Amino acid sequence: MNKTELIEHISTKADLSKADAGRALEAFIGAVKTTLKKKGTVTLVGFGTFAVSERAARSGRNPRTGETIKIKKARVPKFRPGKALKDAVN
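Residues numbered from 1 in each chain as written. Predicted model: local features only at pLDDT ≥ 70, side-chain atom pairs only at ≥ 80, totals over all residues. Heavy atoms only, no water.

## Describing the overall build of the protein chain
The criterion, for reference: The secondary structure listing takes helices from DSSP runs of H or I that are at least 4 residues long and strands from runs of E that are at least 2 residues long, numbered from the N terminus. Here the globule rule reads 2.2 Å times residues to the power 0.38, and the radius of gyration is calculated from C-alpha atoms.
What the protein chain contains, in helices and strands, is three helices and five strands. Ordered by position from N to C terminus, the α and β elements of the protein chain give α-α-β-β-β-β-β-α. For the protein chain, the C-alpha radius of gyration of 18 Å lies well beyond 12 Å, the compact-globule estimate for 90 residues. Summarising its shape, the C-alpha atoms of the protein chain cover approximately 55 × 30 × 25 Å along the three principal directions.

## Notes on the pattern of salt bridges
The condition is simple: Think of a salt bridge as a Lys or Arg side-chain nitrogen and an Asp or Glu carboxyl oxygen that are within 4 Å of each other. Buried means the residue's accessible area, taken with a 1.4 Å probe over protein chains only, is under 20% of the maximum for its type, while exposed means over 50%, and partly exposed covers the values in between.
All chains considered together, the criterion is met by four salt bridges. One salt bridge connects lysine 18 with glutamate 8, and the closest N-O pair in it is separated by 3.7 Å. Here lysine 18, found in helix H2 (residues 18-37), pairs with glutamate 8, found in helix H1 (residues 3-13); they are ten residues apart in sequence, far enough to count as distant. Under the relative-accessibility criterion, lysine 18 is labelled exposed at 51%. The class of glutamate 8 is partly exposed, set by a relative accessible area of 40%.

## Considerations on H1
Note the following rule: Within 3.5 Å is the distance limit for a polar contact, defined as a pair of N or O atoms, with the added protein rule that one can donate a hydrogen and the other accept it, and that residues adjacent in sequence qualify only through two side-chain atoms.
The backbone nitrogen of threonine 4 has a side-chain oxygen 3.1 Å away, supplied by the residue at the start of H1, namely asparagine 2. Backbone geometry just after H1 places aspartate 15 at a positive phi near 55°.

## As for the domain arrangement of the protein chain
We count it as follows: Bear in mind that the domain bounds are from an automatic or database domain assignment. The contact definition used throughout considers only heavy atoms, calling two residues in contact when any of these lie within 4.5 Å. Under the grouping applied here, Gly and all other residues not named as nonpolar or charged are polar, the nonpolar ones being Ala, Val, Leu, Ile, Met, Phe, Trp, Tyr, Cys and Pro and the charged ones Asp, Glu, Lys and Arg.
When cut into domains, the protein chain gives domain 1 (1-38) and domain 2 (40-89). On a C-alpha basis, the centres of domain 1 and domain 2 stand 23 Å from each other. Listed by partner, the interface residues are six residues for domain 1 and nine residues for domain 2. Run the count over domain 1 and domain 2 and you get zero salt bridges. Here domain 1 is connected to domain 2 by three residue pairs in polar contact (both at pLDDT 80 or more). Of the residues contributing to the side of domain 1 that touches domain 2, the split by class is three nonpolar, one polar and two charged.

## Considering the packing of H1 against H2
Put simply, the rule is: To define axes, lines are fitted to C-alpha atoms, for helices over the stretch in contact only, and angles between the resulting N-to-C directions are given on a 0 to 180 degree scale. An angle below 35 degrees is read as roughly parallel, one above 145 as roughly antiparallel, one from 65 to 115 as roughly perpendicular, and any other as oblique. The handedness criterion is simple: a crossing whose near helix is rotated anticlockwise from the far helix by less than a right angle is left-handed, and one whose near helix is rotated clockwise is right-handed.
At their nearest, the axes of H1 and H2 sit 8 Å apart, and the two run at 115° to each other. For the element pair H1 / H2, the angle class is roughly perpendicular. Where H1 crosses over H2, the handedness of that crossing is right-handed. Contact residues: Lys3, Leu6, Ile7, Glu8, Ile10 and Ser11 in H1; Lys18, Ala21, Gly22, Leu25 and Glu26 in H2.

## Notes on a positive patch on the surface
Going by this rule: Within the patch definition used here, like charges are joined within 9 Å and nonpolar side chains (Val, Leu, Ile, Met, Phe, Trp, Tyr) within 5 Å, considering only residues with over 30% relative accessible area and no salt bridge. Computed by Shrake-Rupley with a 1.4 Å probe, the accessible areas treat only the displayed protein chains as cover when residues are assessed. For the charge count, each Lys or Arg is scored as positive and each Asp or Glu as negative, with His and the chain ends excluded. Every charge is mapped onto a representative atom, which is NZ of Lys, CZ of Arg, CG of Asp or CD of Glu.
Residues Lys33, Lys37, Lys39, Lys73 and Arg75 make up a contiguous surface patch of positive charge. Residue lysine 73 is classed as exposed on the basis of its relative accessible area of 64%.

Set out below in structure tokens:
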């Protein structure tokens, strides 16, 4: 499912116009981004948790040349599914 299909699904299930569903989805994505940028977490009970994880600096290898390179530390977004979502999938 892509973003357009998700907007269509939301508009059908919530009885909204596609424009309203699109704005609602954009607002949700924006809220998650803003919270994660501030190193916060977003927990949706039954669905899952969005969080930020710190990845330490490390050395890697350029696969083309075999040369050792330094990889900077990074903050990466992570999603941990909730029990209800896991149960729905299995």
